[in-house]
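Chain by chain, the residues run as shown.
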Amino acid sequence: MTHGETAVRVRWRPPAPVPRDAPLGLLASIVALHDNPITTWTKAHFEEPIVIAPSVLGTVAVLADPAAIRRVFVENTANYRKDDLQKRIIGPALLDGLVEAEAEQWKTQRRLMAPLFTPRTVASFAPAMAVAAEDLVTRWLRLREGRLIDAQKDMAGVALEVLGRTLFSDGLGRGTEDFTAAISRNFETAWRVDPLDILDLPAWLPRLGKLRARSSQKFMAQAVEDLVARRKRLISRGEAPHDLLTLLLEARDPETGEGLSNEEVSANVVTFIGAGHETTANALTWALFLVSQSPEWDERLAEEAARVLALPVEVQAEQLVETRAVLEEAMRLYPPVASMSRQAEGPDDLCGRRIRKDTLVIVPQWVLHRHRRLWTEPDVFDPSRFLPGARERIDRFAYLPFGVGPRICIGAAFALQEAAIVLANILLRFRLELKPGHEVRPVQHLTLRPKGGLPMILRRRSRVVRARPVEELQPSG
Ligand code: HEM
């Protein structure tokens with residue numbers, strides 16, 4: 001490869017909708033918000049620190065200014081609660097879970113679950129993550145060379161498998177495929193921005209997406225009920241593993257002695273299964289796509305994997321420096337959570353502009369991570385921005401794949417560790433090629449995924465690196 005060719009590759013701009021010159025009209029924005037919200041952003045959003053405008057959602061302030069974001073998410077959090085629109089979209093079943101809970105309910109739950117996400121506990125999950133990755137690779141190795149797979153589906157499978165081996169440590173009690181299909185269907189149907197939700201029409205009016213999700217929601221409700229019943233039996237026999245589910249069921253308020261309600265337990269089981277696997281799966285899927293378009297990074301990651309996967313599993317994730325840089329760049333260009341929102345409880349000032357009570361404040365990672373004032377060559381794939389030496393120069397409030405402040409993603413370290421281990425194990429053995437002629441298009445359906453999945457062709461690496469046997473990956477004791 002000549003130097004000139006390298007320069008062209010480094011400047012590759014992965015697919016993204018072109019920012020609009022002007023905002024959409026009322027009807028068109030209702031349609032676009034339902035179909036794919038990332039297509040609604042205008043050039044002004046990518047160029048200005050704040051854009052305040054009346055919209056179909058009421059007065060909306062779109063923020064891309066680090067200081068203003070700090071004010072909303074850290075300094076003045078009491079004034080900004082999770083907004084009604086996201087509560088309507090997520091639906092009543094999840095309101096009592098950690099993602100949507102507010103005030104004391106949120107504080108109690110977050111305190112309760114924190115011990116499962118300390119650096120030490122997350123590191124102890126590394127062997128289980130490596131076993132799940134190894135299982136996937138072993139399954140792929142059994143397929144014939146050149147076989148077409150849907151990387152999106154397989155990443156969802158491996159991420160769910162990880163949850164079933166860690167936070168729900170005796171498994172989810174159902175076939176992984178049934179689970180991923182049910183959850184995926186919810187993301188595509190029930191958890192979409194419904195026109196009736198945008199217009200704030202009464203909850204008793206049936207939402208088409210929610211109707212289409214009825215069978216998958218029934219499946220989930222039954223699966224959760226079985227999971228909880230089985231675990232209660234283990235608890236009563238003193239045989240329960242120490243994991244998220246046991247914690248949820250055994251938690252007692254130190255003052256009142258009361259436990260979580262059945263609704264809170266169920267909401268959190270679904271919250272953690274949904275929030276804990278679809279997002280990580282999407283980060284992995286996007287990373288696989290980006291690497292497949294960059295022979296340079298594909299080669300660098302394969303070499304790093306060969307070196308680092310020979311080390312003890314507990315230290316692998318931190319040593320996978322280039323792999324993590326690619327994952328961070330993937331989450332910059334394609335943030336799995338592509339926007340966050342809050343509602344102002346009272347007036348405030350942001351970027352010298354007056355924010356009125358009830359304003360919907362949106363921080364779209366999709367916009368922030370490609371903002372013209374915050375990034376050089378914002379649309380270019382360049383993982384070296386996240387390599388040590390450069391990473392430290394990125395403003396803490398300009399890059400928010402996991403959010404920020406008290407409500408920052410509780411699973412951030414868990415997700416990064418899992419994604420690094422899985423990506424390295426895949427790239428050690430395989431090179432993935434995008435199916436010829438397939439057009440990759442990002443769509444935001446609660447999370448950001450490639451429309452219609454990601455069809456990839458599996459190619460074994462010609463330079464075979466010895467795979468470590470699964471037994472070696474088990475914790476040493
Ligand atoms: C790449 C993977 C992930 C991404 C990009 C991601 C992103 C996010 C973001 C942006 C938020 C903040 C939302 C807001 O402030 O409005 C959040 C919250 C949350 N995430 Fe994640 N997440 C990921 C993985 C996980 C995992 C693996 C788990 C659990 C095992 C998880 C569980 C949660 C929970 C429970 C919350 C709510 C926290 C709270 O409000 O206290 N996430 N996530």
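Structure's up top.
It should be emphasised that the depicted structure is a prediction, and the values quoted were computed from it without experimental measurement.

**Concerning the coordination of the iron atom of the ligand**
There is one protein donor for the iron atom of the ligand, and it is Cys 409 (SG), at 2.3 Å. Among the secondary structure elements, Cys 409 is positioned in the loop between helix 19 (365–368) and helix 20 (412–429).

**Topic: the environment of Trp 375**
Tracing the sequence through the fold places Trp 375 in the loop between helix 19 and helix 20. Spatially, the C-alpha atoms of Trp 375 and Ala 398 are 8.7 Å apart, while their sequence positions differ by 23 residues. Not counting the four nearest positions on each side in its chain, Trp 375 is found in contact with Arg 332, Leu 368, His 369, Arg 370, Arg 385, Phe 386, Ile 394, Ala 398 and Tyr 399. Looking at Trp 375, its side chain comes within polar contact range of the main-chain oxygen of Leu 368, at 3.0 Å.

**Focus: the sheet that holds strand 5 (residues 340–344)**
In spatial order, the strands read 1-2-8-5-3; together these 5 strands make up an open sheet with mixed pairing. In this open sheet, the two edge strands, each paired with only one partner strand, are strand 1 (50–55) and strand 3 (80–81). Relative to strand 8 (residues 360–363), strand 5 is paired through 4 bridges, and the arrangement is antiparallel. Along strand 8, the bridge assignment pairs Met 340 with Val 363.

**Structural notes on the pairing of strand 8**
Side-chain alternation along strand 8 places Leu 360 and Ile 362 on one buried face and Val 361 and Val 363 on a second face that is also buried. Pairing of strand 2 (residues 58–63) with strand 8 involves 3 bridges; the strand directions are parallel. Counted as the bridge partner of Ala 61 is Val 361 from strand 8.

**Things to note about unusual backbone geometry**
One non-glycine residue with positive phi stands out, namely Ala 103, at about 50°. Residue Ala 103 is classed as exposed on the basis of its relative accessible area, which comes to 58%. Positive phi is not limited to glycine here, since Cys 351 has a value of about 50°. Within the secondary structure, Cys 351 sits in the loop between strand 6 (348–350) and strand 7 (353–355).

**Re the packing of helix 8 (residues 126–141) against helix 9 (residues 151–165)**
Helix packing geometry: the angle between the two helix axes and the distance between the axes. Taken N-terminus to C-terminus, the directions of helix 8 and helix 9 make an angle of 145°; their axes are 9 Å apart at the nearest point. The two elements helix 8 and helix 9 cross, and the hand of that crossing is right-handed. Touching Ala 128, Met 129, Val 131, Ala 132, Ala 133, Asp 135, Leu 136, Arg 139 and Trp 140 of helix 8 are Asp 154, Met 155, Val 158, Glu 161, Val 162 and Arg 165, all from helix 9. Of the residues belonging to the contact of helix 8 with helix 9, the class tally is 10 nonpolar, no polar and 5 charged.

**What to know about the nonpolar core**
Counting 115 residues, the largest nonpolar core has Trp 140, Met 155, Leu 167, Phe 168 and Ile 426 as its most contacted members. Contacts of Trp 140, omitting those with residues within four sequence positions, involve Ile 149, Asp 154, Met 155, Ile 426, Phe 430, Leu 432, Leu 458 and Arg 460. Listed in part, the 19 residues of the second largest apolar core include Leu 63, Phe 73, Val 361 and Val 404.

**Concerning the pattern of salt bridges**
Taken as a whole and assessed by the stated rule, the structure comprises 31 salt bridges. In this structure, Arg 81 engages Asp 84 in a salt bridge whose closest nitrogen and oxygen atoms are separated by 3.1 Å. A relative accessible area of 22% means that Arg 81 is categorised as partly exposed. Overall, the relative accessible area of 31% leaves Asp 84 in the partly exposed class. Where Arg 459 meets Glu 433, a salt bridge forms, and the shortest distance between an N and an O atom there is 3.1 Å. Placement of Arg 459 in strand 12 (residues 455–460) and of Glu 433 in strand 9 (residues 430–434) is noted, with a sequence separation of 26 residues between them. The class of Arg 459 is partly exposed, set by a relative accessible area of 25%. For Glu 433, a relative accessible area of 25% puts it in the partly exposed group.

**A closer look at the site of the ligand**
With respect to spatial proximity, 27 residues lie near the ligand, and among them Trp 106, Arg 110, Arg 342, Arg 407 and Cys 409 are the closest. At 3.2 Å, a side-chain N or O of Lys 82 approaches an oxygen atom of the ligand. The contact in question runs from an oxygen atom of the ligand to an N or O atom on the side chain of Arg 407, over 2.9 Å. When contributions to the shell around the ligand are tallied by element, the ones reaching two or more residues are helix 6 (103–113), helix 15 (262–292), strand 5 and helix 20.

**Observations concerning the packing of aromatic side chains**
One pass over the full model with this rule turns up 12 aromatic pairs. With 6.1 Å between their ring centres and 80° between their planes, Trp 12 and Phe 381 make a pair best called edge-to-face. Of the two residues, Trp 12 sits in the loop between helix 1 (3–10) and helix 2 (26–35) while Phe 381 sits in the loop between helix 19 and helix 20, which places them 369 residues apart along the sequence. Accessibility expressed as a relative area gives 23% for Trp 12, which makes it partly exposed. Phe 381 sits in the buried class, given a relative accessible area of 4%. Measuring from ring centre to ring centre gives 6.0 Å for Phe 117 and Phe 272, while their planes differ by 25°; the resulting arrangement is stacked. Highlighted residues: Phe 117 in the loop between helix 6 and helix 7 (119–124) and Phe 272 in helix 15, separated in sequence by 155 residues. Pair check on accessibility: Phe 117 and Phe 272 agree, each one buried.

**Considerations on helix 9**
Taking 1.5 Å per residue, 15 residues should reach 21 Å; helix 9 reaches 21 Å between its end C-alpha atoms and fits that length. Most of helix 9 sits out of view: 12 of its 15 residues are buried. Along helix 9, the residues that are buried comprise Ala 151, Gln 152, Asp 154, Met 155, Ala 156, Gly 157, Val 158, Ala 159, Leu 160, Val 162, Leu 163 and Gly 164. N-capping of helix 9 is provided by Asp 150, with a side-chain oxygen placed 3.0 Å from the backbone N of Gln 152.

The rules behind each value
- Residues numbered from 1 in each chain as written.
- Predicted model: local features only at pLDDT ≥ 70, side-chain atom pairs only at ≥ 80, totals over all residues.
- Heavy atoms only, no water.
- Donors = N, O, S within 2.8 Å, 3.2 Å for Na, K, Ca; no water.
- Helix = DSSP H or I, 4+ residues; strand = E, 2+ residues; numbered from the N terminus.
- Contact = heavy atoms within 4.5 Å.
- Polar contact = N/O pair within 3.5 Å; in protein donor to acceptor, adjacent residues only side chain to side chain.
- Pairing = 2+ DSSP bridges.
- Buried < 20%, exposed > 50% of the residue type's maximum accessible area, 1.4 Å probe, protein only.
- Axes fitted to C-alpha atoms, helices over the stretch in contact; angles between N-to-C directions.
- Left-handed = near helix turned anticlockwise from the far one by under 90°.
- Nonpolar A, V, L, I, M, F, W, Y, C, P; charged D, E, K, R; others polar.
- Core = buried A, V, L, I, M, F, W, Y, C linked by side-chain atoms within 4.5 Å.
- Salt bridge = Lys/Arg side-chain N within 4 Å of Asp/Glu carboxyl O.
- Near = heavy atom within 4 Å.
- Phe/Tyr/Trp six-rings, centres within 6.5 Å; stacked < 30°, edge-to-face > 60°.
- Expected span 1.5 Å × (residues − 1).

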